[in-house]
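Fold and contact review
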Amino acid sequence: GTLTIEPGTLIQGLGQQIDYLAVQPGSKIYAEGTPTAPIIFTGPTDSPGSWAGLVIAGNAVNNSCTGATPCAFEADSNITFGGSDDNDSSGALRYVQIRYAGQVIRENEELNALTLLAVGRGTVIDHVHVHGGKDDGFEMFGGSVNAKYLLGTAVEDDCLDFAEGYTGKIQFAYCKQTATASGDSNGVESDNDNPASDKLPRTQPSMSNLTLVGTGTVGNEGIRIRRGSGGNYSNVVVTGYRDRCLNLVD
């Protein structure tokens, strides 16, 4: 199926547990706003975790999905993802805001503002703003999707989180921590896999023109690259994080 959302539309969740909009593999979402008429996804209240966010699942490569068996999403096993088509398209997000999302389903299993599960590079993502998220702002589980002009404000956990073989490109991104961020929140958290750090394809995003701003009092690191992850980073500013700008671990 294809879901088309007109510019200027406001979509509001009910705020019940596991309250999210999901796009399954093979389906598409076309949420294409304009600079003066963005599309807004939000919850019933202006508070972090008011609803659970937007989840898009695709058929691109994820290094935890082998053969013809797809992965099941950790937060909701009814959502499956992963395949062999790195050019897969799940539609387009343009001039979109995602506000006050990010519910915790179980311990260490959360829905983020924008969760991308094995989303392919045929998908268009540009000018997307996440604000006031309880968990991560943008999280990629594998996939090859590219994105431009990403903005994260008042995000309480990681702003950009990569794992399971994500190989896409991100250009022009700005993230600023909030004073209520968790103690283990980072600007970028990049993993390959734990404990199988050498799984292929290895998580190795290409990041350029990236600005990460911490508060100096909460949170953790500007960029954390660990568990076998790689990365190509250029034109990066990291400032104000409580622990360190860059941490290479594992």
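One structure accompanies this document, and this report is about it. No experiment lies behind these values; they were computed from the predicted model shown.

Turning next to the overall build of the chain. From N to C terminus, the chain includes 0 helices and 22 strands. Since a compact globule built from 250 residues should have a radius of gyration of about 18 Å, the 16 Å found for the chain is in line with a globular shape. Based on the C-alpha atoms only, the size of the chain along its principal axes is roughly 45 × 45 × 35 Å. Taken across its 250 residues, the chain has 52% of its residues classed as buried. Considering only contacts in the chain between residues 6 or more positions apart, those separated by 24 or more positions represent 72%. As displayed, the chain has an accessible area near 10200 Å², and 48% of this comes from carbon and sulfur atoms. Positive and negative side-chain charges of the chain, numbering 16 and 29 respectively, have mean locations separated by a distance of 5 Å.

A word on the sheet that holds strand β3 (residues 20-23). Taken together, 8 strands build an open sheet; the order of strands is β3-β6-β12-β14-β16-β18-β20-β22 and the sheet is parallel. The two strands at the open ends of the sheet, each matched to only one other strand, are β3 and β22 (244-248). Strand after strand, the sheet turns through a mean of 10° between neighbouring axes, direction not considered. Bridging between strand β6 (residues 53-57) and strand β12 (residues 114-117) involves 4 bridges; their strand directions are parallel. Directly across from leucine 54, in β12, lies its bridge partner leucine 114.

By definition, a disulfide links the sulfur atoms of two cysteines through a covalent bond. In total, this model carries 2 disulfides according to the counting rule given. What pairs with cysteine 65 in a disulfide is cysteine 71, and their sulfur atoms sit 1.9 Å apart. Handedness of the cysteine 65-cysteine 71 disulfide follows from its S-S torsion of about -125°: it is left-handed. Cysteine 71 gets classed as buried once you look at its relative accessible area, which sits at 10%. Each bonded cysteine in the chain gets a number by its place in the sequence, and the pairs come out as 1-2, 3-4.

The next thing to look at is the pattern of salt bridges. Under the definition given, this model contains 12 salt bridges. The shortest N-O distance in the salt bridge between arginine 226 and glutamate 189 comes to 3.3 Å. Residue arginine 226 is found in the loop between β20 (221-225) and β21 (232-239), and its partner glutamate 189 is found in strand β18 (residues 188-190); the two are separated by 37 residues along the sequence. Neither residue differs from the other here; arginine 226 and glutamate 189 are each classed as buried. Each of Asp184, Glu189, Asp191, Glu221, Arg224, Arg226 and Arg227 takes part in salt bridges that share partners, so that together they form one network.

So, how was this worked out
Residues numbered from 1 in each chain as written. Predicted model: local features only at pLDDT ≥ 70, side-chain atom pairs only at ≥ 80, totals over all residues. Heavy atoms only, no water. Helix = DSSP H or I, 4+ residues; strand = E, 2+ residues; numbered from the N terminus. Rg over C-alpha atoms; globule rule 2.2 N^0.38 Å. Buried < 20%, exposed > 50% of the residue type's maximum accessible area, 1.4 Å probe, protein only. Contact = heavy atoms within 4.5 Å. Areas by Shrake-Rupley, 256 points an atom, 1.4 Å probe, with all protein chains shown as cover. Lys, Arg positive; Asp, Glu negative; His and termini not counted. Charge placed at Lys NZ, Arg CZ, Asp CG, Glu CD. Pairing = 2+ DSSP bridges. Axes fitted to C-alpha atoms, helices over the stretch in contact; angles between N-to-C directions. Disulfide = S-S within 2.5 Å. Salt bridge = Lys/Arg side-chain N within 4 Å of Asp/Glu carboxyl O.

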